[in-house]
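Overview (structure and organization)
The chain contents come next:
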Amino acid sequence: MIERGNKKWTAMMMPEHMEMLHNIFEEELKVEKPILSEDQYEGMQITINKAMEYNQKIDIVYWSNFRLHTAEGYIDKIRGTSLYINTSDGIDQLEINNIVELSLCEI
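Below is a summary of the structure that appears in this document. (Residues numbered from 1 in each chain as written. Predicted model: local features only at pLDDT ≥ 70, side-chain atom pairs only at ≥ 80, totals over all residues. Heavy atoms only, no water.)

**Concerning helix 3 (residues 38-54)**
- Look at helix 3: 24 Å from first C-alpha to last across 17 residues, which is about the 24 Å you get at 1.5 Å a residue.
- Buried residues along helix 3 sit against strand 1 (58-64), strand 2 (67-79) and strand 5 (99-104).
- Where helix 3 ends, the next residue or the one after it, N55, has phi of about 50 degrees, a positive value. (Helix = DSSP H or I, 4+ residues; strand = E, 2+ residues; numbered from the N terminus. Expected span 1.5 Å × (residues − 1). Contact = heavy atoms within 4.5 Å.)

Shown next, in the form of structure tokens:
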């Protein structure tokens, strides 16, 4: 007997069932926005200042659409509550309130 794994069962599932399972998996992957302490915000401010002063690359973890994402690049500017990061894909605009973690890249 040939084992077909999931293909065997997905062929018997209706599209509505497949969509329902997809939605369940998506819900399980959602992450609530982390709450940072004042010390963490202060540490991020110090990191931002160093990165801008020495034009050093930073690693960023930020929260968006119930997911944690990462970015790497140089700080282009800060305007209002937005941080503009020059990445390899162009310039990304991140809300400072959604940034979870910042660190300077190793030289």
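Okay, back to it.
**Concerning unusual backbone geometry**
- Positioned with a positive phi, N65 is a non-glycine residue whose angle comes to about 50 degrees.
- Assignment of secondary structure puts N65 in the loop between strand 1 and strand 2.
- With a phi angle near 60 degrees, F66 is a residue other than glycine that sits in the positive phi range.
- Among the secondary structure elements, F66 is positioned in the loop between strand 1 and strand 2.
- Judged by its relative accessible area of 33%, F66 is partly exposed. (Buried < 20%, exposed > 50% of the residue type's maximum accessible area, 1.4 Å probe, protein only.)

Structural measurements only, silent on function.
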